[in-house]
Each structure stands twice: as structure tokens, then as C-alpha cells.
Amino acid sequence: MSEISFKGERVITYGDLPAIGEKAPHFDLIKTNLSKAKLEDFKGKRVILNIFPSIDTGVCATSVRNFNERATELDNTVVLCISRDLPFAQKRFVNDEGLKNVINLSDFKEREFGKDYGVEMITGPLEGLLSRVVIVLDENLNVIHAQQVKDIAEEPNYLAALKTLL
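Read on for an overview of the structure. The shown structure was predicted, so the numbers you read here are calculated from the model rather than taken from an experiment.

**Some details on the overall build of the protein**
Helix and strand content of the protein: four helices and nine strands. Listing every helix and strand of the protein by position from the N terminus yields β-β-β-β-β-α-β-α-β-α-β-β-α. Against the compact-globule benchmark of 15 Å for 166 residues, the protein has a radius of gyration of 14 Å, which places it among compact chains. Taking the principal axes of the C-alpha coordinates as reference, the protein spans close to 40 × 35 × 30 Å. Of all 166 residues assigned to the protein, the portion counted as buried reaches 52%. Summed over its atoms, the accessible surface of the protein is roughly 7700 Å², and 48% of this surface lies on carbon and sulfur atoms. Computed over 21 positive and 25 negative side-chain charges, the separation of the two mean positions in the protein equals 4 Å.

**Considering the side chain of N50**
Relative to the elements of secondary structure, N50 occurs in strand β5 (residues 46-51). There is a polar contact of 3.2 Å between the side chain of N50 and the side chain of S63. In this view, N50 contacts S63, V64, F67, L80, C81, I82, V133 and V134; residues no more than four positions away in its chain are not counted.

**Some thoughts on the pairing of strand β2 (residues 9-12)**
As paired strands, strand β1 (residues 3-6) and β2 are joined by four bridges and run antiparallel to one another. Within β2, the position partnered with F6 by the bridge is E9. Linking β1 back to β2 in an antiparallel pair, the connection comprises two residues, with K7 at a positive phi of about 50°.

**Focus on the sheet that holds strand β7 (residues 102-106)**
Spatially, seven strands are ordered β4-β3-β7-β6-β5-β8-β9 in an open sheet, and the strand pairing comes out mixed. Two strands bound the open sheet, and with one partner strand each, they are β4 (36-38) and β9 (143-148). Direction aside, neighbouring strands of the sheet carry axes that sit 30° apart on average. Looking at chain direction, β5 and strand β6 (residues 77-83) are connected through six bridges and run parallel. Paired with I51 across the two strands is I82, which belongs to β6.

**Here's the deal with the packing of aromatic side chains**
In this description, a pair of aromatic rings is defined by centroid distance and the angle of the planes. Scanning the entire structure with this criterion turns up four aromatic pairs. Where F67 meets Y158, the ring centres are 5.2 Å apart and the plane angle is 70°; that geometry is what we call edge-to-face. Of this pair, F67 sits in helix α1 (residues 58-71) while Y158 sits in helix α4 (residues 158-163); the two residues are 91 residues apart in sequence, bridging distant segments of the chain. Each member of the aromatic cluster is reached from another via a ring pair, and the members are F27, F113 and Y117. The aromatic ring of Y14 is capped on one face by K115, whose charged end is 5.8 Å from the ring centroid.

**A closer look at unusual backbone geometry**
You will see that K7, though not glycine, has its phi angle at about 50°, which is positive. Within the secondary structure layout, K7 lies in the loop between β1 and β2. Take K7: its relative accessible area is 67%, and that puts it in the exposed class. Look at R111: it is not a glycine, yet its phi comes out positive at around 60°. Look at R111 and you get partly exposed, because its relative accessible area is 33%.

**Some details on α1**
The end-to-end C-alpha distance of α1, which contains 14 residues, comes to 20 Å, matching closely the 20 Å that a straight helix rising 1.5 Å per residue would cover. Looking only at α1, the buried set comprises C60, A61, S63, V64, N66, F67, N68 and A71. Close packing links the buried residues of α1 with β5, β6, α2 (87-97), β7, β8 (133-137) and α4.

Analysis parameters
- Residue numbers run consecutively from 1 along every chain, following the written order of its sequence.
- Totals for whole chains, interfaces and linings use every residue, but because this is a predicted model, local features are given only for residues with pLDDT of at least 70 and side-chain atom pairs only at 80 or more, for both listing and counting.
- Excluding hydrogens and water, the side-chain values take into account all heavy atoms of the structure.
- To qualify as a helix, a DSSP run of H or I must reach at least 4 residues; to qualify as a strand, a run of E must reach at least 2; elements of each kind are numbered from the N terminus.
- What the globule rule says is 2.2 Å times the number of residues to the power 0.38, and the radius of gyration is computed from C-alpha atoms.
- To sort residues, take the accessible area from a 1.4 Å probe on protein chains only and compare it with the maximum for the residue type: under 20% means buried, over 50% means exposed, and anything in between is partly exposed.
- Computed with a 1.4 Å probe, the accessible areas rest on the Shrake-Rupley method; for each residue, only the protein chains presented here act as cover.
- His is not counted here, nor are the chain ends, while Lys and Arg score as positive and Asp and Glu score as negative.
- For the purpose of locating charges, the reference atoms are NZ of Lys, CZ of Arg, CG of Asp and CD of Glu.
- Think of a polar contact as two N or O atoms within 3.5 Å of one another; within protein, one of them needs to be a possible hydrogen donor and the other a possible acceptor, and neighboring residues in sequence only count if both atoms come from side chains.
- Residues count as neighbours in contact if any of their non-hydrogen atoms are within 4.5 Å of one another.
- Two strands are counted as paired when DSSP detects at least two bridges linking them.
- Each axis is a line fitted through C-alpha atoms, taken for helices only over the stretch in contact, and angles between the N-to-C directions span 0 to 180 degrees.
- In this analysis, rings of Phe, Tyr and Trp, with Trp reduced to its six-membered ring, are considered paired at centre separations within 6.5 Å, and the interplanar angle assigns stacked below 30 degrees, edge-to-face beyond 60, and tilted for intermediate values.
- Lysine NZ or arginine CZ positioned within 6 Å of the ring centre and within 35 degrees of the ring normal marks a charge as sitting over the ring.
- In this analysis, the expected span of each helix is defined as 1.5 Å times one less than the number of residues it contains.

This is how it looks when you write it as C-alpha cells:
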């Protein structure tokens, strides 16, 4: 379990992030068109997992916008924005914002991703949602960067994540 905070209040997550060098845990998540996406669908590409509580909050929305903008500069890289928002809310957001360089995925159905990646918050006001985390995977789906933001109300370190892909 990891300890983070939300506006100064202590929050505990389900477990620990996957370790650097480790194969990323398998996932089945739901796309905005309600079809399934599996981790293996992205093998052969570099993958940025932008994980957050809800697309309908300012910091989460900013992280999606930032990664959308920066993804155009990266070769052979896909950005997956993952939350427990319903796919309808995720689709509305990317359509309203005109975002084309990120793929939104939801853990609302099976709710295993948060446990398998150690990012589900099990205490605090956002209990049951995913904490703010950025994980970067290489083409073989091995973890090359992992950052859990210490306070959910803060943005991730975009530069640190992107540097691993340069």
C-alpha cells in the first residue's frame, strides 16, 4: 500500500505501482465505443498510462490535454488515459475538447485495473477511484517509468515521463 494525500488529507492506495523493469500487468478496459481494450493490443508501441480519478476535474482534464498535445511529438507512442469515469463522459470530453492523440479507457466495469496496478484509493474522499499516476511502458510492455503523484490535486511530472521516451 502507498500513502498519498488529497488536499492534505491522508489517502491509502490498494497496493504499490508496478516496478521499473517489470512486465506491466494485463488489463481489460472499456473504450469510449464500449468495446474492450487489452494491454496486449498495444505491444510494439511505447505506452504512456495517464491514470487519474475523473475526467471531470480540472487537474485530470489538464493532464489529458497536456498528454494529447505532447503525444504528437513522439514516434511509435500511444497515450492511454485511464479512469473509472463512464465511457460516455470520456467520449464527451475528448469530443468537446477536440482531442485526437489520446485513447480514453475506463475501469468502471471490472474494476480490476486499479487493484492490479496498485492505484485504487481505499481511503479518503475519493475512495474507490484511481489515484493520479503516470506509468510509461516500452515496446515490450515493460515498465520504464512510474510516478504516483503525492497529492492528487497536483499535476504529474510530464517531463520526467516523456524523457524516458527520448
